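Breakdown of the fold
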Amino acid sequence: MSQDKSVFKRKDGLSWRWENDQEIIIYRGGKFIWLNPVAAFIFYYCQGSSCAQIVELLGRGYRISEKLLLKHTRRFLSRLIEEGIVVESPEDKRVLMDEFPNRAAPRYKEFIPPQIAEFRIGSSLQYSFKRPSTPLRVFFTLTQKCNLSCKSCYNDALEDAFPEADLGNIMKVIDRIKEAKVLEVIITGGEPFLYPEIFKVIDYLMAGGIGVRINTNGLLLDERLIAELKKRKGVTLTLGLDGTTQKAHDSIRGEGNFRKAVDILKRLSREGINLYVNFTATHDNFLELFKLRRFLRGFNVSQIIVNIFIRSGRGYAHRNTLELSKVEYALLNLPGLFGPVNVRPGMVITTSCYAGYIEANIDYSGSFFFCELLKHPLGNILERDIRDIWNAQEFTNLIDADKFGFPCNRCFFRKGCRGSCRAEVFSATADIYAGNPYCLRGKLMAKLSEALIH
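What comes next concerns the included structure. (Residues numbered from 1 in each chain as written. Predicted model: local features only at pLDDT ≥ 70, side-chain atom pairs only at ≥ 80, totals over all residues. Heavy atoms only, no water.)

Following both chains from N to C, one finds helix H1 (residues 37-44) and helix H3 (residues 66-82) inclined at 70°, their axes separated by 11 Å at the closest point. The orientation of H1 with respect to H3, classified from their angle, is roughly perpendicular. For the pair formed by H1 and H3, the contact residues are Ala 39, Ile 42 and Phe 43 on the first element and Thr 73, Phe 76, Leu 77 and Leu 80 on the second. Split by residue class, the contact of H1 with H3 holds six nonpolar, one polar and no charged. (Axes fitted to C-alpha atoms, helices over the stretch in contact; angles between N-to-C directions. Helix = DSSP H or I, 4+ residues; strand = E, 2+ residues; numbered from the N terminus. Parallel < 35°, antiparallel > 145°, perpendicular 65-115°, else oblique. Contact = heavy atoms within 4.5 Å. Nonpolar A, V, L, I, M, F, W, Y, C, P; charged D, E, K, R; others polar.)

Encoded structure:
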């Protein structure tokens, strides 16, 4: 279809927000996309507008030929369509959602071509991605109860160990999350499907334009629950799978659970529900990483998230057998070892933590944590604004690698990895500001830096 005879409209149900009144952050397909002011302007007017109308408005703010403006705008609109952010329709079907609201084009001395700044969780390559004014993603602990007793769990969750969360209080917490313009909430636990009102929570989040993902072991998903999930388009499930064989998976998650997990993956794949897989890398199952992508090729899994075992909660008792060796840890940090991230299913290696940078953890009582594994609350969002807690020095210090010990404070890559996972460092050293003792690259770079200086 010719763009000259088309109109463009943002996809329904898209999660996005203004950042600093000039830029826009979009959540789409498990990643965040940051638009610079020009790109934000074009995206904003994709609401039943033609390319010519958008270019005419842009031309008011720039001394540049219409031909060049048209070239850049067309190219960017094509990117938006490729990303599934905007849809193109014939011009005769145009329905303007708003007749060009009063938003003047930003005025710059020179034209900045539109860019999509893409940030994919797990990649440590996006050093320039700015820290947003509030979290983009929140891990929301809905319940501490769980129907399994996994050896690697950072909680000591049991089905009857904790009181049930009050739904009214949960809704108040979600209201605060909405006010902070969070774009994605990952419902976690415990096992979220043990909470009887989970679908009321999901609906309340989605009504606020928030993307929803649920971390689950999947064992409670019967036909009724699957039917309810199918009604809620866009919800993603992240299922725990710790191996490609019964021996590997069941040694961590309990006897007989591998077959159940595979069966539920098959059922959810047939139903077309959005699926991720969560894999916790331990010393016992490390070699399974090399088999995982091939094993999941026949399922409807769009992403594999690989987490490193951390000796926290129940995992502390099994640290001697599950903790990665230094060689295994180093292998996880080798880029491209397990295949490119853009191959479906992609593999995202989360050896670099994004807690405090774009994400935080909030539980059903409103307690606000740096991450799920560090149990010290930094405030309660029912008593303090999320923005205040997020930007408090106590919080931001935890992502400032210059304040950490050796080798992080001298490493060339510290601005990218931000000192790696603070929970991992704390579990090994009992010092939240210590340098990462596992990072061989950091030690090498710090020594090299010292040699160059002296």
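That was the structure; now back to the text.
Turning next to the packing of aromatic side chains. According to the stated counting rule, one finds 14 aromatic pairs in the structure shown. On the numbers, 5.3 Å between centres and 80° between planes, the contact of Tyr 44 with Tyr 45 is edge-to-face. As far as burial versus exposure is concerned, Tyr 44 and Tyr 45 are alike and both buried. Pairing Phe 193 with Phe 199 gives two aromatic rings, centres 6.4 Å apart and planes at 55°, and the pair type is tilted. A relative accessible area of 8% places Phe 193 in the buried class. For Phe 199, a relative accessible area of 11% puts it in the buried group. The ring of Trp 390 carries Arg 131 above its face, with NZ or CZ at 4.1 Å from the centroid. Between the NZ or CZ atom of Arg 319 and the centre of the ring of Tyr 316, over which it lies, the distance is 3.9 Å. (Phe/Tyr/Trp six-rings, centres within 6.5 Å; stacked < 30°, edge-to-face > 60°. Buried < 20%, exposed > 50% of the residue type's maximum accessible area, 1.4 Å probe, protein only. Lys NZ or Arg CZ within 6 Å of the ring centre and 35° of its normal.)

Our next topic: the sheet that holds strand S2 (residues 15-19). Across the sheet, which stays open at both edges, the four strands sit in the order S2-S3-S4-S7 with antiparallel pairing between neighbours. The strands lining the two open edges of the sheet, one partner per strand, are S2 and strand S7 (116-119). Averaged over all pairs of adjacent strands, the angle between strand axes in this sheet comes to 20°, irrespective of strand direction. Pairing of strand S3 (residues 23-28) with strand S4 (residues 31-35) involves five bridges; the strand directions are antiparallel. Bridge pairing links Ile 24 to Leu 35 in S4. Relative to the sheet, H1 contacts S2, S3 and S4, its axis offset from that of S3 by approximately 65°. (Pairing = 2+ DSSP bridges.)

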